[in-house]
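Residue strings, one per chain:
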Amino acid sequence: MALTILGLSGALGHDPAAALYVGGKLIAAAEEERFARAKHARNRLPYESAKFCLEQAGITPADVDVVTIAYAPISIFGKARWHYAKRHWYAPDHSLDAIFLGNSRFKRFRRKILWCLEQLGFDAGTVRLEPIEHQLADASSAYYCSGFKEKTAILCIGDNEEYATTFFGYGERGKIHIIKEFYAPESLGALYAALSEYLGFDKLDGQLSAMSMAAYGDATKYDFSRLARFENGELIINTDYVNVVGSRRYKEEGKYYSFSSKLVEWLGPRPEETAAEAPYVHYAASMQALVEKLALEMMDYYLGDILRETGKIAFAGSCSLNLKLNQRIIARPEVKELFVQPAFGEAGVSVGAAAYISEQQGVPVEKMENVYLGPNYSNEDVIAACVSHLDRPQWQLIEDAPEYIADILADGHPVAWFQGRMEVGPYAMGNRSILGCPSVVGVVERIKSQLKVCVPWRPFNSSMRDTAATQMLEIDHPSTFMNFAFDVKDKYKRRVAEIVHEDKAARIQVLKREHNPRYYDLMIHMERLTGIGVLLSTSLNPDGEPMACSPKEALDMFFSSDLQYLVMEDVLVVKA
């Protein structure tokens, strides 16, 4: 049988995930939260996600050659633990733990994973369990999944939850070479997360919201340069304000934050609720500007020569979700193509860890062409869910769902669209989506009102046919995974005004038909009806909950909202 590798993640206490490679092909990948129905699946193990991967491949635990975890022990003789101890002198318990107990988290996670594997049917005594350092797994998820054959610059900018936070290196002939790593608390990702917390967002997933808020602010109104600097090849975070631990953390209503009281003294109290108003929009803009500036300076310093040589760069880590930073990178003249790992965070590192082992075993992995790697359901499954659902939905089978639904969308109605295999990663890309027609004025507000979302400044993403992208966008760059913001050409801005954000850019997935034929065909019908093959898209989930995985969850979400139309495969549900 072909080399079979199961990658697992979740050592940090949140967002566990699993991915399965067989013979260099990514067969399945999913986040535990989608099965556990708890956002971020805190303090859980990747049991259901791993079980799904095995079932999707039709294999048993005995067929798995290697299980790899995206976390590894860090030697006391290296720089990482000593840097952490030195920079956290103000919290002696943290500092001493780094020196004397620096691998305790790894040991705990390894024990838990072995227990989890036993529950799945593995023999814990004989299973080959390979740990991969977290940043190396991140780098692997970017480089090996990019499909780039040339010498490739590798950039990973993550958070503070491991010792290594930032990785600069390159890939060549299937090997990854490290140029430079930064260690906690030196982390732009953690800096962004801390300030996102200050602005009222969740630390784990608030960065996208903070980035969207930044479009409404003026970065020149506040100077955030005191928070971080890059000089002489070193990133230095000011831990008087952010990326703090222990007693330096700000506390409010019994909750501790990753910024300090000194930050609150400087900027004022946290907002009572997140809103696009001064001064907080200006803080968001200043934070965005600082992170872009420092990230680009570091990229130039460590990767500039490689980029000038081949122009290829692969990016992963929390800051790779920053669409405006990605837009700045691809605008650089030396950059020919940027690949961003679409399975953000722990989902990505489970993919990366497995890809790394496969490459080390001499089995190159395929380019990651799509994110449709989760469960799928038949019409029979959908009908059974409708029959058993408490709300007793009225349903009907329809022929040619893309053509049928295009008419509804073109009339201005939002539609919940549940098709094929669930996406892995933070974005819905046409299989677990709520869709709208971007040429219908007011459709964004209509969707938000039907979903009962009261955040006026949060933009929606969009999907377009590859043939439309070359006509409508100012720059021609692959965007398979919604990882970029693009400026829309002036003559099209009015026609798709509902997807153009305050910063005049649109967050766009450019789709080829072979990656999702059904969704692509829907866009063909939309183009016939409206003149443009573009769809507005947001994920199929209530605010604060995971994306719908099964038909039951899609129905639950549908009936908790004011949406009128839900199509699951060929089954249409319409509220009376």
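First, a word on what this report is: a plain description of the structure on this page. (Residues numbered from 1 in each chain as written. Predicted model: local features only at pLDDT ≥ 70, side-chain atom pairs only at ≥ 80, totals over all residues. Heavy atoms only, no water.)

A few points about the environment of T467
And step 1. With respect to the element layout, T467 can be found in helix α16 (residues 466-472).
And step 2. Judged by its relative accessible area of 37%, T467 falls in the partly exposed class.
And step 3. For T467 and L136, which are 331 residues apart along the polypeptide, the C-alpha to C-alpha distance reads 36 Å. (Helix = DSSP H or I, 4+ residues; strand = E, 2+ residues; numbered from the N terminus. Buried < 20%, exposed > 50% of the residue type's maximum accessible area, 1.4 Å probe, protein only.)

Considerations on the sheet that holds strand β22 (residues 565-568)
Remark on secondary structure: sheet strands pair via backbone hydrogen bonds, oriented parallel or antiparallel.
And step 1. Pairing in this open sheet of 9 strands is mixed, and the strands run β15-β23-β22-β16-β17-β21-β18-β20-β19 from one edge to the other. Looking at strand neighbours, the two that pair on one side only are β15 (395-397) and β19 (485-487), the edges of this open sheet. Averaged over all pairs of adjacent strands, the angle between their axes in this sheet comes to 35 degrees, without regard to strand direction.
And step 2. Note that β19 and strand β20 (residues 505-511) share 3 bridges and pair antiparallel. Looking at the pairing, F486 lines up with A506 of β20.
And step 3. Packing of helix α11 (residues 323-330) onto the sheet brings it into contact with β19 and β20, and relative to β19 it is tilted by some 60 degrees.
And step 4. Along the sheet face, helix α18 (residues 517-530) touches β16 (415-418), β17 (432-436), β18 (461-465), β20 and β21 (534-539) and points at about 80 degrees away from the line of β18. (Pairing = 2+ DSSP bridges. Axes fitted to C-alpha atoms, helices over the stretch in contact; angles between N-to-C directions. Contact = heavy atoms within 4.5 Å.)

Regarding helix α2 (residues 47-57)
And step 1. Listed in full, the buried residues belonging to α2 are S49, A50, F52, C53 and L54.
And step 2. Structurally, α2 contributes buried residues whose contacts are with β1 (4-9), β2 (17-22), β3 (25-31), α1 (32-36) and α5 (104-120).
And step 3. Note on α2: the residue one or two positions beyond its end, G58, has a positive phi of about 70 degrees.

Focus: the nonpolar core
And step 1. Grouped together as the largest cluster of nonpolar side chains are 165 residues, with contacts concentrated most on L199, L303 and I313.
And step 2. Of all the elements, helix α10 (residues 280-310) adds the most residues to this core, at 17 residues.
And step 3. Not counting chain neighbours up to four residues away, the residues in contact with L303 comprise A153, I154, L155, F168, G169, I179, M298 and I313.
And step 4. If you look at the next biggest cluster of nonpolar residues, it comprises 29 residues, including A28, A30, A50 and F109. (Core = buried A, V, L, I, M, F, W, Y, C linked by side-chain atoms within 4.5 Å.)

Examining the side chain of N431
And step 1. Looking at where N431 falls in the secondary structure, it is placed in the loop between β16 and β17.
And step 2. Separated by 2.9 Å, the side chains of N431 and N516 make a polar contact.
And step 3. Residues contacting N431, with those up to four places away along its chain left out, are Y372, W417, F418, Q419, G420, R421, E423 and N516. (Polar contact = N/O pair within 3.5 Å; in protein donor to acceptor, adjacent residues only side chain to side chain.)

Re the packing of aromatic side chains
And step 1. Evaluation of the coordinates by the stated rule reveals 25 aromatic pairs.
And step 2. Both rings, one in W89 and one in Y90, keep their centres 5.9 Å apart while their planes meet at 90 degrees; by these two values the pair is edge-to-face.
And step 3. With relative accessibility at 11%, the residue Y90 sits in the buried group.
And step 4. Grouping aromatic residues by their ring pairs yields a cluster made of Y198, Y222, F224, Y241, Y250, Y257, F259, W266, Y280 and Y283.
And step 5. Across from the ring centre of Y170, 4.7 Å away, lies the NZ or CZ of K151, which sits over that ring.
And step 6. The ring centre of W266 lies 4.0 Å from the NZ or CZ of R226, which sits over that ring. (Phe/Tyr/Trp six-rings, centres within 6.5 Å; stacked < 30°, edge-to-face > 60°. Lys NZ or Arg CZ within 6 Å of the ring centre and 35° of its normal.)

Topic: the pattern of salt bridges
And step 1. Inspection of every chain in the model, using the stated rule, returns 28 salt bridges.
And step 2. R128 is the partner of E130 in a salt bridge, and the nearest nitrogen-oxygen pair spans 3.1 Å.
And step 3. Residue classification places E130 among the partly exposed residues on the basis of a relative accessible area of 25%.
And step 4. A residue is classified by how much of its surface remains accessible, and R128, at 36% relative accessible area, is partly exposed.
And step 5. E297 is paired through a salt bridge with K293; the nearest N and O atoms lie 2.8 Å apart. Residue E297 and its partner K293 are both found in helix α10; the two are separated by 4 residues, about one turn of the helix.
And step 6. E297 sits in the partly exposed class, given a relative accessible area of 28%.
And step 7. Looking at K293, the relative accessible area reads 46%, which means it is partly exposed.
And step 8. Salt bridges here are not isolated pairs; linked through shared partners, they connect E31, E33, R34 and K39. (Salt bridge = Lys/Arg side-chain N within 4 Å of Asp/Glu carboxyl O.)

Here we look at the packing of helix α14 (residues 401-410) against α18
For any two helices packed against each other, one specifies the crossing angle of their axes together with the interaxial distance.
And step 1. Running from N to C, α14 and α18 cross one another at 45 degrees; their axes reach a closest spacing of 8 Å. Classified by the angle their axes make, α14 and α18 are oblique. The hand of the α14/α18 crossing is right-handed. Contact residues: α14 offers A401, P402, E403, I405, A406, D407, L409 and A410, while α18 offers R518, D521, L522, H525, M526, R528, L529 and T530.
And step 2. Looking at the contact of α14 with α18, its residues break down into 9 nonpolar, 2 polar and 5 charged. (Parallel < 35°, antiparallel > 145°, perpendicular 65-115°, else oblique. Left-handed = near helix turned anticlockwise from the far one by under 90°. Nonpolar A, V, L, I, M, F, W, Y, C, P; charged D, E, K, R; others polar.)

Considerations on the packing of α2 against α5
And step 1. As a packed pair, α2 and α5 sit with axes 10 Å apart at the nearest point and diverge in direction by 45 degrees. By the angle between their directions, the pair α2 and α5 is classed as oblique. Of the two elements, α2 crosses α5, and the hand of that crossing is right-handed. From α2, Y47, A50 and K51 reach across to α5, where they touch C116, Q119 and L120.
And step 2. Its residues placed into classes, the contact of α2 with α5 shows 4 nonpolar, 1 polar and 1 charged.

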